[in-house]
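# Secondary and tertiary structure notes
Below are the chains, spelled out letter by letter.
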Amino acid sequence: MSTVTVRFYAQLNDFLPRERREVAFTHSFEEAPSIKDLIESLGVPHTEVRLILINGAAVDFTYHIQDGDQINVYPSVFGSDSTPLTDLRLQPQFTSEIRFILDVHLGKLAAYLRMLGFDTLYRNDYDDPELALVSNVEDRVLLTRDLGLLKRSLVTHGYFVRNTDPGKQLTEVLRQFKLFGLSHLFHRCLQCNTVLESIDKELIGDRLPSRTKLYFHEFRICRSCDKIFWQGSHYQKMSQFIERVLADEAAP
């Protein structure tokens, strides 16, 4: 039986049993698997990996491990200046600004991301094959808490959301993808993700509550679902929430 020595770095240790975290450990194998299959068999989805060094040299996911290999695996975002540099990209570059698709368990996070203006697809009836396909075809980051979903071969951009509280999830995603300062508040419909348009009050006056019509003068409309938005009490509560989230940028 052959063996390799494996070490995972930084947040990749989140996926390992306690005894394998932050240490090099020995792994045995009989038939030489690809490094991608090995990494995922140990619990780490390929979408979280930025760089693989084997015996000091960078390799891609197709490399088949050999007896005695020394394997070091680095995350997609690694804060240390000591991270080895390489031109070998394990994940394709984004062809446009970052966009998301979320699984059925992250509805609140989806609403928050839309609130901040980020293009975010979400439906409560997406199944796993559709999530993987849309993520691939539309070049979207798949956000999920389902490790099996991230291990699907179609998924090239994905992230396992660690937190379970939606507010903390939002802060986590903003940090992970360096999105602080890139938000465009209340730019999208919270219900269907469409970019909102300004509309004259006179054109929608018959749809407004009497007090709203009296005290508010700026309105926006979603042309997809026809929902109307204005800066009422709900807007103020959302603004306060966003201010708290954005204030967390420098927090540890």
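Before any of the text, the structure's been laid out above.
This write-up is about the structure you can find in this document. (Residues numbered from 1 in each chain as written. Predicted model: local features only at pLDDT ≥ 70, side-chain atom pairs only at ≥ 80, totals over all residues. Heavy atoms only, no water.)

### Here we look at the layout of surface pockets
Which entries qualify depends on this criterion: Grid points spaced at 1 Å over the protein atoms alone were grouped into cavities, where a 1.4 Å probe fits but cannot get out, and pockets, open sets with protein on both sides within 12 Å along at least five of seven lines, with lining residues defined by an atom within 4 Å of a point. Grid points are joined across faces, edges and corners, and a volume is the space filled by probe spheres set on the points. Strands here mean DSSP runs of E at least two residues long; helices mean DSSP runs of H or I at least four residues long; both are numbered from the N terminus. Only Asp, Glu, Lys and Arg are considered charged in this grouping, and only Ala, Val, Leu, Ile, Met, Phe, Trp, Tyr, Cys and Pro are considered nonpolar; every other residue, Gly among them, is considered polar.
Considering only enclosed or pocket space, the second largest pocket measures out at about 460 Å³ in volume. Lining of the second largest pocket is provided by 20 residues; of these, Arg220, Phe229, Trp230, Gln231 and Tyr235 occupy positions nearest its centre. Counting residues per element, the ones that place at least two in the lining of the second largest pocket are strand E11 (219-221), strand E12 (228-229) and helix H8 (233-246). The residue inventory of the lining of the second largest pocket, partitioned by class, reads 10 nonpolar, six polar and four charged.

### Brief notes about the sheet that holds strand E6 (residues 100-102)
Stated precisely, the cut-off is as follows: When DSSP finds two or more bridges between a pair of strands, those strands are recorded as paired. Should any heavy atoms of two residues lie within 4.5 Å, those residues are counted as being in contact. Structural elements are reduced to axes, namely lines fitted to C-alpha atoms, with helices fitted over the stretch in contact, and the angle between N-to-C directions of any two is expressed from 0 to 180 degrees.
An order of E7-E6-E8-E9 is seen for the four strands of this open sheet, with the pairing classed as parallel. Every other strand in the sheet has two partners, leaving strand E7 (120-121) and strand E9 (158-160) as the edge strands with one partner each. With three bridges connecting them, strand E8 (residues 141-144) and E9 associate as parallel partners. The residue bridging Leu143 from the neighbouring strand is Tyr159, located in E9. This element, helix H3 (residues 128-137), spans E6, E7 and E8 of the sheet and lies at about 180 degrees to E6.

### Focus: the pairing of E8
As a reminder, the rule being used: The buried label goes to any residue with under 20% of its type's maximum accessible area, the exposed label to any with over 50%, and the partly exposed label to all in between, with areas taken from a 1.4 Å probe on protein chains only.
What you see with E8 is no split at all: Val141 and Leu143 on one side and Leu142 and Thr144 on the other are buried throughout. In this sheet, E8 lies alongside E6 in parallel orientation, the contact comprising three bridges. Directly across from Ile101, in E8, lies its bridge partner Leu142.

### Let's talk about the packing of helix H5 (residues 166-176) against H8
Here is the rule: Every angle not falling under 35 degrees, over 145, or within 65 to 115 is termed oblique; those three ranges are roughly parallel, roughly antiparallel and roughly perpendicular. By convention the crossing between two helices is left-handed if the near helix lies anticlockwise of the far one by an angle smaller than a right angle, and right-handed if it lies clockwise.
Where H5 contacts H8, the two axes come as close as 10 Å, and the packing angle between them is 50 degrees. By the angle between their axes, H5 is oblique relative to H8. Viewed along their axes, H5 and H8 form a crossing whose handedness is right-handed. For the pair formed by H5 and H8, the contact residues are Gly167, Leu170, Thr171 and Leu174 on the first element and Phe241, Val245 and Leu246 on the second. When the residues that make up the contact of H5 with H8 are grouped by side-chain class, the tally is five nonpolar, two polar and no charged.

### Quick word on the state of the cysteines
Stated formally: Note on terminology: pairs of cysteine sulfur atoms within 2.5 Å are recorded as disulfides.
Within the structure shown, the criterion is met by zero disulfides. Summary of cysteine pairing: Cys189 is not part of a disulfide, and the nearest cysteine sulfur, belonging to Cys225, is at 3.6 Å. Free cysteine Cys225: the closest other cysteine sulfur is in Cys222, separated by 3.6 Å.

### Some details on the sheet that holds strand E1 (residues 2-8)
Within a sheet, adjacent strands bond to each other through the backbone by hydrogen bonds, running parallel or antiparallel. In spatial order, the strands read E2-E1-E5-E3-E4; together these five strands make up an open sheet with mixed pairing. The sheet is open, and its two edges are formed by strand E2 (25-29) and strand E4 (57-58), each paired on a single side.

### Looking at the pattern of salt bridges
Stated precisely, the cut-off is as follows: Here, a salt bridge means any Lys or Arg side-chain nitrogen found within 4 Å of an Asp or Glu carboxyl oxygen.
Inspection of every chain in the model, using the stated rule, returns 11 salt bridges. The salt bridge partner of Asp14 is Arg162, with a shortest N-O separation of 2.9 Å. Residue Asp14 is located in the loop between E1 and E2, and its partner Arg162 is located in the loop between E9 and H5; the two are separated by 148 residues in the primary sequence. In this structure Asp14 comes out as partly exposed when scored by relative accessible area, which is 42%. Owing to a relative accessible area of 21%, Arg162 belongs among the partly exposed residues under this scheme. For Glu197, the salt bridge is made with Arg223, and the minimal N-O distance between the two is 3.0 Å. A residue pair is termed long-range when its members are at least 10 positions apart, and Glu197 in strand E10 (residues 197-199) and Arg223 in the loop between E11 and E12 qualify at 26 residues.

### Observations concerning a nonpolar patch on the surface
Short version of the rule: Residues forming no salt bridge and having over 30% relative accessible area are the ones grouped into patches, like charges within 9 Å of each other and nonpolar side chains (Val, Leu, Ile, Met, Phe, Trp, Tyr) within 5 Å. Residue-level accessible areas treat just the shown protein chains as cover; the underlying method is Shrake-Rupley with a 1.4 Å probe.
A cluster of nonpolar side chains, namely Leu133, Val137 and Leu154, defines an oily patch on the protein surface of about 270 Å² accessible area. Note on Leu133: relative accessible area 45%, which makes it partly exposed.

### Some thoughts on the nonpolar core
To keep it simple, the criterion reads: Here the nonpolar core consists of buried residues drawn from Ala, Val, Leu, Ile, Met, Phe, Trp, Tyr and Cys, with membership extended through side-chain atoms lying within 4.5 Å.
Among the nonpolar cores identified, the biggest contains 33 residues, and Phe8, Val49, Ile52 and Ile71 are the most heavily contacted of them. Those elements that place two or more of their residues in this core are E1, E2, helix H1 (35-41), strand E3 (49-54), strand E5 (70-75), H3 and helix H4 (147-150). Discounting chain neighbours no more than four positions away, the residues touching Phe8 are Asn13, Leu16, Phe25, Ile39, Leu42, Val44 and Val73.

### What to know about the packing of aromatic side chains
Each pair of aromatic rings is reported with the distance of its centres and the angle of its planes. Using the following cut-off: Planes of paired rings set the category: under 30 degrees apart is stacked, over 60 is edge-to-face and the rest tilted, where pairs are Phe, Tyr or Trp rings (Trp by its six-membered ring) whose centres lie within 6.5 Å.
Counted under the stated rule, the structure contains seven aromatic pairs. Seen in terms of ring centroids, Tyr112 and Phe241 are 4.4 Å apart; in terms of plane orientation they differ by 35 degrees. Their pairing is tilted. Separated by 129 residues along the polypeptide, Tyr112 in helix H2 (residues 107-115) and Phe241 in helix H8 bring together distant segments of the chain. What links up through ring pairs into an aromatic cluster is the set Phe100, Tyr159 and Phe177.

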